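In case you want the letters, here they are:
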Amino acid sequence: MTALSTPVRPSGVVTLLSDFGQQDTYVGVMKGVLLARACALRSIVDLTHAIPPQDVRAAAFHLAHSWRWFERGTVHVAVVDPGVGSARRGLAASAHGHWFLAPDNGLLGPVLAADPAARVHAIDAARHGFAQRSRTFHGRDVFAPVAAALADGLALEETGPRVDDWQALSFPAPEVAAARIEAEILLADRFGNLITNADGALLGARPEAWSVEHGGLMIPVLGTYADAQGGALLCLVNSYGLVEIARRDGSAAAQLGLVPGDRIALSRASKGPR
Amino acid sequence: MTALSTPVRPSGVVTLLSDFGQQDTYVGVMKGVLLARACALRSIVDLTHAIPPQDVRAAAFHLAHSWRWFERGTVHVAVVDPGVGSARRGLAASAHGHWFLAPDNGLLGPVLAADPAARVHAIDAARHGFAQRSRTFHGRDVFAPVAAALADGLALEETGPRVDDWQALSFPAPEVAAARIEAEILLADRFGNLITNADGALLGARPEAWSVEHGGLMIPVLGTYADAQGGALLCLVNSYGLVEIARRDGSAAAQLGLVPGDRIALSRASKGPR
Amino acid sequence: MTALSTPVRPSGVVTLLSDFGQQDTYVGVMKGVLLARACALRSIVDLTHAIPPQDVRAAAFHLAHSWRWFERGTVHVAVVDPGVGSARRGLAASAHGHWFLAPDNGLLGPVLAADPAARVHAIDAARHGFAQRSRTFHGRDVFAPVAAALADGLALEETGPRVDDWQALSFPAPEVAAARIEAEILLADRFGNLITNADGALLGARPEAWSVEHGGLMIPVLGTYADAQGGALLCLVNSYGLVEIARRDGSAAAQLGLVPGDRIALSRASKGPR
């Protein structure tokens, strides 16, 4: 609700998230445009550019779990944009006291759904983008110029007409019963940690009463990686606040052969503390 | 011609391009030197460090297509330098209202050839580089100190003696006939898009009259990726302004097995609009 | 000794080194925390985030060879932290006129051992970290907040109690005889250059009198890569000041099949100059 009660001042920070990778100069060129057009830019931060090509869902996950660590008034630009140059709209939104720019393909869905006071506008590219716009790189030709303008104090209302029919996107919810949670793996991170859709709060006050059974293995819920023996599997509530399957000093993804979309089950022991 | 008519003021932005990769600290250390020596530094931007080792041609392509998106007065440092520590010179140049630093191995060739008013100097490393210079890392020991000095206002003439015999490098030109263009693939990008040497302007006012025939496939020229069906091949004029072969939501490079150096042919339909 | 004689002022530069990779947003989120909490931040520099997971030794090598290229008063944050959330301490140290933050697992060992005036404190996470700290991501929840505070002028003594029993880590020393040096490969870099633990100074005033014999090949010590023929192996004193085996325009690691931990022998010719 903060977005309505207190006017937000730009922090001078712009974050970038994309599926552009680092092998080309697409990201560098976007930064060139930002620096050339924004006077009040303090820092440009790469969230990640390693989103798998066209994977809007992975981008939505990462954006939804990252923005809160930045200061109020930050502009977050997220470009995973298989529909670039088509009729799909570009969005400029205010939510949680931050600004968000992305194509209208669900990428902003989780962020916007979490703030009832979110305001969303459809970017008027002809007014705010480059006069000579490509039809294949709106990160450079539309989103970067608008991000620069917002960082310099442009009012959100000036970016284009307000819209309410932006595309939603939600992550599958875990199936929760009294002593059993069926969760889905959303992501394997760099370490091979398997991050699920189960909120750690579902494990209650005594998470260690739960365990995962998978392929004949019983994987205990522990407090942190170092609570497991070297090479052993464990389950924990990770720094996203989500249930994760990990392997001490190794890759759970490689050992278990699990990938995003696979399901795992958590069970709570019926008897007292182990 | 701007470089002669109006004095260029440093923008405080320095870009870096190299084949150093990101696994070592070579790039980070160059930034340390820049930050330690430049007072007026506003931002350091990575263009890319994933140039294939020693691939001067790929570096020249990326630099030539990136610098224009930065503001006037930016210093671009490009280090792909198989001849480091030999008699090869280091160059400091002014062109298009920007500054460029690179070894004299062709890396700056396309940028310099495109500005008749370009001025090129051979860096006096003994004067501007570190007193204790390695023979294997002039990015750190010579180019970074000179970039810092230029960003702080050093006159180009002070970097060393003027030279006119810098090494040229040009990309192969497409072979153009009335209804046929033979182009060469210069680059496959992160998405597997195949970027050719054919300027989009060669397709004239009605690009969609052209198509590529390859291995029995007819690949149409369309406006953007989303104009093709999912998984279909298409051809378009990309954000570099070059003709590109792409695959909607997929990799044209993987599907077609084409690599840089391979040739493709564009043909124009002889009859009216399809 | 400088750390004692002259008070160090923060440079406003913070460097980051980790095994977090670039595919997730862990690094970006740390930068968000730094930017949100530090007022006097000038620049955040990535040293590398491609340290192999949990490889404290590789991290220690890279940190020890990188910090000196930054200006005095820089804060270096290094997080390779398999023991995160356990009883292992977090360290905040002053050495060489720089500040260093890392888990107490040997990562800072070489840096601290090289400065007899180093001062080391155990971070009081409850006081300086987030109130709601995860047990799995102290880069975000403890080290970033402390780095921001140091960059803003917090006195090192305020970070927590002084300790002297920090964990040491040293690299294996080469075995040196009059005309023979047995060295160990510490690292293969992006180019496939094999970096050893032998200091270049061991080769004396005439390095080219030495050579490496390996698998029937005689590899000469030369001045720089370009002194070798294309595709030929060579040995040189690299920009770290260490003996390195390289291949002109190619990968010595790939050709020789050597990996970190393998040993090579340098011999000095007994007769006059070749």
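Residues numbered from 1 in each chain as written. Chains lettered and ligands numbered in written order. Predicted model: local features only at pLDDT ≥ 70, side-chain atom pairs only at ≥ 80, totals over all residues. Heavy atoms only, no water.

1. Topic: the sheet that holds strand S5 (residues 98-103) of chain C
All names here are of chain C.
Now for step 1: Taking strand neighbours across the sheet as the criterion, the six strands line up as S2-S1-S3-S5-S4-S6 in an open arrangement whose pairing is mixed. Edge positions in the sheet fall to strand S2 (43-48) and strand S6 (119-122), since each has one partner strand and no second. When the angles between neighbouring strand axes are averaged without regard to direction, this sheet yields 20 degrees.
Now for step 2: Sheet analysis places strand S4 (residues 90-95) next to S6, joined by four bridges and oriented antiparallel. (Pairing = 2+ DSSP bridges. Helix = DSSP H or I, 4+ residues; strand = E, 2+ residues; numbered from the N terminus. Axes fitted to C-alpha atoms, helices over the stretch in contact; angles between N-to-C directions.)

2. Regarding the sheet that holds strand S1 (residues 13-18) of chain B
Sheet strands pair by backbone hydrogen bonding; their relative direction is either parallel or antiparallel.
Now for step 1: Strands sit in the order S2-S1-S3-S5-S4-S6 (chain B) across an open sheet of six strands; the sheet is mixed. Either end of the sheet is taken by a strand with one partner, and the two such strands are strand S2 (43-48) and strand S6 (119-122) of chain B. When strand polarity is set aside, the average angle formed by the axes of neighbouring strands in this sheet is 20 degrees.
Now for step 2: Summarising the sheet, S1(B) and strand S3 (residues 75-79) of chain B pair through five bridges and their orientation is parallel. Each residue of the ladder has a partner; that of Leu16(B), found in S3(B), is Val77(B).
Now for step 3: Lying over the sheet, helix H2 (residues 26-37) of chain A contacts S1 and S2 of chain B, oriented at roughly 150 degrees with respect to S2(B).
Now for step 4: On top of the sheet, helix H2 (residues 26-37) of chain B reaches S1, S2 and S3 of chain B; it is set at about 155 degrees to S1(B), its chief contact. (Contact = heavy atoms within 4.5 Å.)

3. A word on the relation of the copies chain C and chain A
Now for step 1: Screw-axis analysis of chain C against chain A gives a translation of 0.0 Å along the axis, an RMSD of 0.0 Å, and a rotation angle of 120 degrees. Those values place the two copies in the arrangement expected of a three-fold rotation axis. Closest to the rotation axis within chain C is the C-alpha of Ser43(C), separated from it by 4.6 Å.
Now for step 2: Comparing contact sets, just 6% of the residues at the interface of chain C also lie at the interface in chain A, consistent with a heterologous contact between different surfaces. (Least-squares fit on C-alpha atoms with pLDDT ≥ 70 in both.)

All we've got here are geometric facts, nothing functional implied.
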